[in-house]
Amino acid sequence: MLVTETLLPATRPADAPPQRRGGVLAVGLVLGGALSVQFGSALAALLFPRTGVAGAVTLRLTISAVLLLIVCRPRLRGYDRSAWLAAGAFGLALAGMNSLFYQAIERIPLGPTVTLEVLGPLALSVFTARRLASWCWAGLALAGVALLGQGGFDRLNPAGVAFAFGAGAMWAAYIVLSARVGGRFPGADGLALALTLAALVTLPLGIVDGGAVLLDPEVLALGTALAVLASGLPYTLELLALRRMPTATFAVLMSLGPAIATLAGWLVLRQALTLLECAAIVLVIAASIGAVRVRAAVAAPPARQ
């Protein structure tokens, strides 16, 4: 995710150049960004025993904010009250999404966490499309969640499931607010300012949770790697991809996030899932792809007669 978990089409910068069809390179850029995000999340889970969850959140957001401020050097004047309110709300959404997501992956495997989290953007897509087909895809996603629960949500840890759902709600808010911020700030300036606020909001809890460990050179190095993997690198790759392919295609590829998260959890964290849980993840991925395609068809201009 860009800065968080995924950059959906609505979050493209307002001044992005026109889309061009890419091909294999564009697909590779999107998948590379998704791999970077999910393996970054796995790295965060490895940090938890040393920094605590809040400490890892603070490291990621603070280092990401510093890097983005250096790159963007956003100006602070010339914005009205509504612009600052939008940036502030965007920052709170970023802080909430990161905090809830990391609380979830401390308690349940990475694959199911991302699967439950993606229901937030999926619900947003269904409600905005307002088509019967969208509700059918939503039903398929709920079937996937029900199937995931057949293995026992108690096995997944109820608190972890609740945190994952909360992260999904924050993700949906992030998508809506990022579009508003993109229309009021040039380039990535709004994102840099919102990310700075998110870092400041999470800093007190991060210091309480991690303490002096956050200043340990090894921990800082891991935190920098986390910020690059989960924010800087995917943000760059996704922007490059969006210049080479339609946003609908981009969103379909990003729907593979739960599968990539499952792979990262298995390889890095040794989190094995049952066949039933894997089938549930596949259903949610299919529902996400279907909802994206319906929304793209609704947004497409009518053909000329």
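Caption draft 1: Main features of the overall build of the protein chain. For the protein chain, the count of helices and strands is 12 helices and zero strands. Along the protein chain, helices and strands appear, N-terminal first, in the series α-α-α-α-α-α-α-α-α-α-α-α. Burial analysis of the protein chain (305 residues in total) assigns 50% to the buried set. Taking contacts inside the protein chain between residues at least 6 apart in sequence as the whole, the part at least 24 apart equals 90%. Put simply, the protein chain shows about 13500 Å² of open surface, and 68% of that area lies on carbon and sulfur atoms.

Caption draft 2: Spatial organisation of the layout of surface pockets. Taken as a whole, the second largest pocket encloses approximately 200 Å³ of empty space. Around the second largest pocket sit 14 residues that line it, and Leu67, Leu68, Ser231, Gly232 and Tyr235 are the ones nearest its centre. Counting only elements with at least two residues in the lining of the second largest pocket, the list comes to helix H1 (24–72), helix H8 (189–210) and helix H9 (217–242).

Caption draft 3: Representation of helix H7 (residues 158–184) in the model. Along its 27 residues, H7 runs 39 Å from first to last C-alpha, staying within 8% of the 39 Å computed at 1.5 Å per residue. A side-chain oxygen of the first residue of H7 lies 2.9 Å from the backbone nitrogen of Ala159; this N-cap is Asn157.

Caption draft 4: Spotlight on the nonpolar core. Membership of the largest hydrophobic core comes to 71 residues, with the highest contact counts inside it found for Phe48, Phe90, Leu94, Tyr102, Leu110 and Leu116. Discounting residues that sit within four places of it in the chain, Tyr102 has contacts with Ala44, Phe48, Val53, Ala56, Val57, Arg60 and Leu226. In terms of nonpolar packing, the next biggest core, distinct from the first, is built from 10 residues, Val30, Leu237, Ala241 and Leu242 among them.

Caption draft 5: Spatial organisation of the pattern of salt bridges. Under the criterion given, the structure shown has three salt bridges. The closest approach of N and O atoms between Arg50 and Asp216, which form a salt bridge, is 3.8 Å. Here Arg50, found in helix H1, pairs with Asp216, found in the loop between H8 and H9; they are 166 residues apart in sequence, far enough to count as distant. Its relative accessible area of 37% is what places Arg50 among the partly exposed residues. Arg50 is paired through a salt bridge with Glu218; the nearest N and O atoms lie 3.2 Å apart. You can see Arg50 sitting in helix H1 and its partner Glu218 sitting in helix H9, a full 168 residues away along the chain. Within the structure, one salt-bridge network assembled from shared partners comprises Arg50, Asp216 and Glu218.

Caption draft 6: The arrangement of the environment of Pro158 in detail. Tracing the chain through its elements places Pro158 in helix H7. Its relative accessible area of 55% is what places Pro158 among the exposed residues. In this structure, the C-alpha to C-alpha distance between Pro158 and Arg107, residues 51 residues apart in sequence, is 8.9 Å.

Caption draft 7: Representation of the packing of helix H3 (residues 110–117) against helix H11 (residues 257–269) in the model. The geometry of H3 relative to H11 is characterised by a closest axis approach of 7 Å and an angle of 160° between their N-to-C directions. Judged by the angle between their axes, H3 and H11 are roughly antiparallel. Where H3 crosses over H11, the handedness of that crossing is right-handed. Here Leu110, Gly111, Val114 and Thr115 of H3 lie close against H11, whose contacting residues are Gly257, Pro258, Ala261, Thr262, Ala264 and Gly265. Looking at side-chain class alone, the contact of H3 with H11 contains five nonpolar, five polar and no charged residues.

Caption draft 8: The arrangement of H11 in detail. The end-to-end C-alpha separation of H11 is 17 Å, in line with the 18 Å expected for 13 residues at 1.5 Å each. Among all positions in H11, only Gly257, Pro258, Ile260, Ala261, Thr262, Ala264 and Gly265 are buried.

Caption draft 9: Spatial organisation of the environment of Leu283. Along the chain, the position of Leu283 falls in helix H12 (residues 275–299). Spatially, the C-alpha atoms of Leu283 and Leu148 are 9.9 Å apart, while their sequence positions differ by 135 residues.

Caption draft 10: View of the packing of aromatic side chains. This structure, assessed with the given rule, holds six aromatic pairs. Considering the side-chain rings of Trp84 and Phe185, the 6.0 Å spacing of their centres and the 75° angle between planes classify their relative orientation as edge-to-face. Residue Trp84 is located in helix H2 (residues 81–107), and its partner Phe185 is located in the loop between H7 and H8; the two are separated by 101 residues in the primary sequence. Taking relative accessible area as the criterion, Phe185 reaches 2% and is therefore assigned buried. Site record: aromatic cluster; members linked through ring pairs are Phe48, Phe101 and Tyr102.

Caption draft 11: Representation of unusual backbone geometry in the model. Positive phi outside glycine occurs at Arg73, with the angle close to 45°. Here Arg73 is to be found in the loop between H1 and H2. By relative accessible area, Arg73 is classed as exposed at 70%. Its identity is not glycine, yet Arg270 carries a phi of approximately 55°, on the positive side. Secondary-structure assignment places Arg270 in the loop between H11 and H12.

Rules used throughout
Residues numbered from 1 in each chain as written. Predicted model: local features only at pLDDT ≥ 70, side-chain atom pairs only at ≥ 80, totals over all residues. Heavy atoms only, no water. Helix = DSSP H or I, 4+ residues; strand = E, 2+ residues; numbered from the N terminus. Buried < 20%, exposed > 50% of the residue type's maximum accessible area, 1.4 Å probe, protein only. Contact = heavy atoms within 4.5 Å. Areas by Shrake-Rupley, 256 points an atom, 1.4 Å probe, with all protein chains shown as cover. 1 Å grid on protein atoms, 1.4 Å probe; cavity = no way out; pocket = protein on both sides within 12 Å on 5 of 7 lines; lining within 4 Å. Points joined across faces, edges and corners; volume = space filled by probe spheres on them. Expected span 1.5 Å × (residues − 1). Polar contact = N/O pair within 3.5 Å; in protein donor to acceptor, adjacent residues only side chain to side chain. Core = buried A, V, L, I, M, F, W, Y, C linked by side-chain atoms within 4.5 Å. Salt bridge = Lys/Arg side-chain N within 4 Å of Asp/Glu carboxyl O. Axes fitted to C-alpha atoms, helices over the stretch in contact; angles between N-to-C directions. Parallel < 35°, antiparallel > 145°, perpendicular 65-115°, else oblique. Left-handed = near helix turned anticlockwise from the far one by under 90°. Nonpolar A, V, L, I, M, F, W, Y, C, P; charged D, E, K, R; others polar. Phe/Tyr/Trp six-rings, centres within 6.5 Å; stacked < 30°, edge-to-face > 60°.

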